[in-house]
Amino acid sequence: MGERVTTGAVLLLLWWTSFLPMDQAIWLNLPPTGTKCVSEEVHINVVVLADYVVIPDDHSHQTPTISAKVTSPYGNNLHHKENVTYGQFAFTTTEAGNYLACFWVDGHNSGGKDVSVNLEWRTGISAKDWESVARKEKIQGVELELRKLEGVVQAIHENLLFLKTRESEMRTVSEKTNSRVAWFSIMSLGVCIAVSVFQLWHLTRYFQKKKLI
Amino acid sequence: METRKRQGFAKFFLCLGLLCSLVRNLSALSITVNDVECVYEYVLYEGDTVSGNFVVVDHDIFWSSDHPGIDFTVTSPAGNTIHTLKGTSGDKFEFKAPRSGMHKFCFHNPYSTPETVSFYIHVGHIPNEHDLAKDEHLDPINVKIAELREALESVTAEQKYLKARDARHRYTNESTRKRVIFYTLGEYILLAIASGLQVVYIRRLFSKTVGYNRV
């Protein structure tokens, strides 16, 4: 009897937790006209996973539909859906740069009200499928959580190395610009002197030809 | 024996489910702010720490050395302002959510030029003694793991902030580099043209002389 109660309670709790969002997301408010875009700068070979759902404001009308479009930094269309209330897209980046996801309300929706869209956008380590890792390596519970944390630490390390290379690139550009400023300023003085010498020489020759000097 | 195994399984699944519910993550997104742009985030538990950062990534750097900045406001589900930052070009923020519900994070751009803001919002929950008492299957180790996860999250958030600041610095650097090259070349060419015009003008002044001292 006691065991049945505990299993019942456990099942109830499991059912309840399954309704909890596994990963939080942001909500956007789409105006009746106009597009709302979010972007992120992603490097090469990173998994990008996203889900979007239209949340209806009131239950009396039907759920308004939206359109979504995702473009790569070079303009390639990665995902384009019209007239949907939910959708998802996943891709591995082949170009480094700004990935843009745009949403707009479909024109034929009646009522000029704002539409709220729930967007869940995950890149890199947060897009990793831990369930398949758990199944493949047969780990569970605390060990799985620690494995996730280990993944996060590795991602932090990689990010740090990436920031270091970016900083060194920028330092090179800064130092080049610094030396260029010095050289160009001196050259500008040289150009000034050269131009005035040329002027004097040309005018002297001209006046001598005109026999004014 | 079998019932004990079943209970063990149920315990494992419950722990997994509860632990999974504690994982929250979000990538650093950028949004273009023309006037006011708002982003909403749902806070599940009262007392959760909401942390994050935002950086204004300039597209066009013009003549003033200081960025005018944008305003940032956080509104609770009840409608009162929890956190405000005015006229800043990027900052970190952290506060304890006074109640659960949908919180509004707004960026206000007081100027006419659109600005791109890269932001990151994270809601962290650490199970406390109340949660531990409510569910006897929740181990104290899960609290420690949650604390560790939150600490790693704060490191990741700091990295995202640094990356956004680095992107902004990069724009400034590129703009400086282009300005140095093009403005100096333009200066040389204009100097040559000005002196050429001077010579042409002086020649014209002297070209129509009839006498010696006509000019």
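Quick note: structure is the one above.
A brief report on the enclosed structure follows. (Residues numbered from 1 in each chain as written. Chains lettered and ligands numbered in written order. Predicted model: local features only at pLDDT ≥ 70, side-chain atom pairs only at ≥ 80, totals over all residues. Heavy atoms only, no water.)

Side note on the overall build of chain B
1) Next: When its secondary structure is counted, chain B shows 3 helices and 8 strands.
2) Next: Burial statistics for chain B: of 215 residues in total, 44% are counted as buried.
3) Next: Counted over contacts in chain B with a minimum sequence separation of 6, partners at least 24 positions apart contribute 75%.
4) Next: Accessible area of chain B: about 11800 Å², with a carbon and sulfur share of 57%. (Helix = DSSP H or I, 4+ residues; strand = E, 2+ residues; numbered from the N terminus. Buried < 20%, exposed > 50% of the residue type's maximum accessible area, 1.4 Å probe, protein only. Contact = heavy atoms within 4.5 Å. Areas by Shrake-Rupley, 256 points an atom, 1.4 Å probe, with all protein chains shown as cover.)

Some details on the sheet that holds strand 6 (residues 90-96) of chain B
1) Next: On the basis of which strands lie adjacent, the open sheet formed by 8 strands has the order 5(A)-4(A)-7(A)-2(A)-1(B)-8(B)-3(B)-6(B) and antiparallel pairing. Edge positions in the sheet fall to strand 5 (77-84) of chain A together with strand 6 of chain B, since each of these pairs with one other strand and no more. The mean inter-strand angle of the sheet, taken between neighbouring strand axes irrespective of direction, is 20°.
2) Next: With 8 bridges connecting them, strand 2 (residues 35-42) of chain A and strand 7 (residues 97-105) of chain A associate as antiparallel partners. Note that in strand 7 of chain A the partner of Val42(A) across the bridge is Gly97(A). (Pairing = 2+ DSSP bridges. Axes fitted to C-alpha atoms, helices over the stretch in contact; angles between N-to-C directions.)

Considerations on the sheet that holds strand 1 (residues 26-30) of chain A
1) Next: A sheet is described by the order of its strands in space; here 8 strands give the open sequence 6(A)-3(A)-8(A)-1(A)-2(B)-7(B)-4(B)-5(B), paired in antiparallel fashion. Each end of this open sheet is capped by a strand with a single partner; those strands are strand 6 (86-92) of chain A together with strand 5 (81-88) of chain B. Here the strands of the sheet are splayed against their neighbours by 20° on average, with no regard to which way each runs.
2) Next: The pairing of strand 2 (residues 36-43) of chain B with strand 7 (residues 101-108) of chain B spans 8 bridges and is antiparallel. Counted as the bridge partner of Tyr42(B) is Met102(B) from strand 7 of chain B.

Some points on the nonpolar core
1) Next: One finds Tyr52(A), Phe103(A), Leu119(A), Phe54(B) and Phe119(B) to be the most contacted residues of the largest nonpolar core, which totals 45 residues.
2) Next: Among the nonpolar cores identified, the runner-up in size contains 5 residues, and Leu149(A), Val152(A), Ile156(A) and Ile145(B) belong to it. (Core = buried A, V, L, I, M, F, W, Y, C linked by side-chain atoms within 4.5 Å.)

Some points on the state of the cysteines
All names here are of chain A.
1) Next: Summed over the entire model, instances satisfying the criterion amount to 2 disulfides over all chains.
2) Next: Each disulfide pairs two cysteine sulfurs, and for Cys-37 the partner residue is Cys-102, the sulfurs being separated by 2.0 Å. The disulfide joining Cys-37 to Cys-102 has a torsion of about 105° about its S-S bond and is therefore right-handed. In this pair, Cys-37 is assigned in strand 2 and Cys-102 in strand 7, connecting sequence segments 65 residues apart.
3) Next: Judged by relative accessible area, Cys-37 falls into the partly exposed class, the value being 25%. (Disulfide = S-S within 2.5 Å.)

Digging into helix 2 (residues 130-137) of chain A
Residue and element names in this part refer to chain A.
1) Next: Within helix 2 the residues assigned to the buried category are Trp-130, Val-133 and Ala-134. Looking down the long axis of helix 2, one finds its buried residues gathered within 100° of arc, a one-sided arrangement. With respect to the buried face of helix 2, the exposed residues turned more than 90 degrees away are Glu-131, Arg-135 and Lys-136.
2) Next: Those residues of helix 2 that are buried lie in contact with helix 3 (141-209).
3) Next: Lys-138 lies just past helix 2 and shows a positive phi near 55°. (Arc of directions from axis to C-beta.)

Quick look at the environment of Lys148(A)
1) Next: Locating Lys148(A) in the fold gives a position in helix 3.
2) Next: Through-space distance from the C-alpha of Lys148(A) to that of Asn45(A) is 20 Å; in sequence the pair is 103 residues apart.

Concerning the packing of helix 2 of chain A against helix 3 of chain A
All names here are of chain A.
1) Next: Contact pair helix 2 / helix 3: the axes reach a minimum separation of 11 Å and the direction vectors enclose 125°. Taken together, the axis directions place helix 2 and helix 3 in an arrangement best described as oblique. The handedness of the crossing between helix 2 and helix 3 is right-handed. Counting all contacts with helix 2, which are made through Trp-130, Ala-134 and Glu-137, the residues of helix 3 involved are Leu-144, Arg-147 and Lys-148.
2) Next: Residue classes in the contact of helix 2 with helix 3 are distributed as 3 nonpolar, no polar and 3 charged. (Parallel < 35°, antiparallel > 145°, perpendicular 65-115°, else oblique. Left-handed = near helix turned anticlockwise from the far one by under 90°. Nonpolar A, V, L, I, M, F, W, Y, C, P; charged D, E, K, R; others polar.)

Keep in mind that these numbers describe shape and distance, not what the molecule does.
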